[in-house]
Amino acid sequence: MPISIMLDAGHGGRDPGAVYNGRQEKDDTLRLTLAVGEILQNHGLDVEYTRTTDIYQSPYEKAMEANNAGVDYFVSIHRNSFPTDNVVSGVQSLVYNLSGIKLEMAENINDQLEAVGFVNLGVEARPNLIVLNRTKMPAVLVEAGFINSNTDNALFDENFDDIAQAIASGILDTLNHPDSVPDPSVYYVQVGSFRNPAYANRLLNELLEQDYTASIVEGDGFFRVRVGSFENLEDAAEMEQDLKRAGYPTIIVS
Ligand SMILES: [Zn+2]
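Residues numbered from 1 in each chain as written. Predicted model: local features only at pLDDT ≥ 70, side-chain atom pairs only at ≥ 80, totals over all residues. Heavy atoms only, no water.

A.B. asks: Requested: an account of helix 1 (residues 25-42), with residues and values cited.
C.D. replies: For helix 1, spanning 18 residues, the distance from its first C-alpha to its last is 26 Å, which sits close to the expected 26 Å at 1.5 Å a residue. Listed in full, the buried residues belonging to helix 1 are Glu 25, Lys 26, Asp 28, Thr 29, Leu 30, Leu 32, Thr 33, Ala 35, Val 36, Gly 37, Ile 39 and Leu 40. Taken from the residues just after helix 1, Gly 44 is the one with a positive phi, measuring 90°. (Helix = DSSP H or I, 4+ residues; strand = E, 2+ residues; numbered from the N terminus. Expected span 1.5 Å × (residues − 1). Buried < 20%, exposed > 50% of the residue type's maximum accessible area, 1.4 Å probe, protein only.)

Okay, structure coming up:
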């Protein structure tokens, strides 16, 4: 199954985001998000978008859209702003906390953008951002340069394709060569729980013969037979239905 990602063009509709000399963040983010999505799609990812036009959605609606779609990753694209014009420039990525594959993805995106010419302002934890704390999957918010920096805007306009490619490469590098274990949202479908290991083994062999990826975990005096693991709940639920149809009593555990 291909990896799925939801891309979010920051702001939209009646929320322009940051504005500088008539330039609106929501327009830059939409254009860049669509360009990144096209590259990811060409690399075999399932790409979904919170918006592809100039519409308003609250951050909460954006997060729920990702959760309801059950995507594996969420990347929100923004442009930054500083209280004083032309003082700060550079790229920055935000994550819920500094751990796991989302941190790795944020670092890879920043590194790629640095190679295009941006100052790399690093990765910051922002536990209070709704699109980072209400999304159930690893989520990264990319600030692709400051909209009130002439330096960053020149980079953005002159190297637009390279910037889209940089963000896509940062995402793809992370998925192809993850250094860290994925976030601990791993699910199994439990098919049986026995005190007698012989019964557990019998069920295990029966499942293995039908090509299920079954295993036994021992704990609290029980031998639990389970199928998996699955990195998202949707896949586990699909397997659960499959096993139910085959006549097994099942529950999903994580
Ligand atoms: Zn923004």
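A.B. asks: Mind laying out the domain arrangement of the protein, listing which residues take part and the relevant values?
C.D. replies: Taken as a whole, the protein is organised into domain 1 (4-176) and domain 2 (187-253). Centre-to-centre separation of domain 1 and domain 2, based on C-alpha positions: 39 Å. (Domains from an automatic or database assignment.)

A.B. asks: Break down the nonpolar core for me, with residues and values.
C.D. replies: In this structure, Leu 32, Val 36, Leu 40, Ile 167 and Ile 171 are the most contacted members of the largest nonpolar core, which totals 34 residues. The element contributing the most residues to this core is helix 6 (residues 160-176), with 9 residues. One finds Tyr 187, Leu 204, Leu 243 and Tyr 248 within the second-largest nonpolar core, a separate group that totals 17 residues. (Core = buried A, V, L, I, M, F, W, Y, C linked by side-chain atoms within 4.5 Å.)

A.B. asks: Residue-level account of the side chain of Ser 93, with values.
C.D. replies: Position of Ser 93 among the secondary structure elements: in strand 6 (residues 91-95). For Ser 93, a relative accessible area of 0% corresponds to the buried category. Within polar-contact distance, the side chain of Ser 93 engages the side chain of Asn 110 at 2.8 Å. If we skip the residues at most four places from it in the chain, Ser 93 touches Ala 106, Ile 109, Asn 110, Gly 122, Val 123, Glu 124, Val 140, Leu 141 and Val 142. (Polar contact = N/O pair within 3.5 Å; in protein donor to acceptor, adjacent residues only side chain to side chain. Contact = heavy atoms within 4.5 Å.)

A.B. asks: Let's hear about the environment of Phe 118: which residues, and what values?
C.D. replies: Relative to the helices and strands, Phe 118 resides in the loop between helix 3 (100-116) and strand 7 (120-125). Residues Phe 118 and Leu 207, 89 residues apart in the sequence, show an inter-C-alpha distance of 53 Å.

A.B. asks: Hey, could you go over the coordination of the zinc ion for me, with residue numbers and the actual values?
C.D. replies: Taken together, His 11 (NE2), Glu 25 (OE) and His 78 (ND1) make up the full set of protein donors to the zinc ion, lying 2.1 Å away. Here the donor residues for the zinc ion map to a single chain with the spacing H-x13-E-x52-H. Here Glu 25 lies in helix 1 and His 11 lies in the loop between strand 1 (4-9) and strand 2 (19-20), a separation of 14 residues in the sequence. Taken individually, His 11 and Glu 25 each receive the classification buried, so the pair is uniform in this respect. (Donors = N, O, S within 2.8 Å, 3.2 Å for Na, K, Ca; no water.)

A.B. asks: Break down unusual backbone geometry for me, with residues and values.
C.D. replies: In the segment running from Gly 228 into Ser 229, the intervening peptide bond is cis, with an omega of 15°. If you trace the backbone, Ser 229 turns up in strand 11 (residues 222-230). In this structure, Asn 21 takes a positive phi of about 50° despite not being glycine. With respect to the helices, strands and loops of the structure, Asn 21 is situated in the loop between strand 2 and strand 3 (23-24). With a phi angle near 55°, Asp 220 is a residue other than glycine that sits in the positive phi range. Mapped onto the elements of the fold, Asp 220 is located in the loop between strand 10 (214-219) and strand 11. The exposed category is assigned to Asp 220, whose relative accessible area is 69%.

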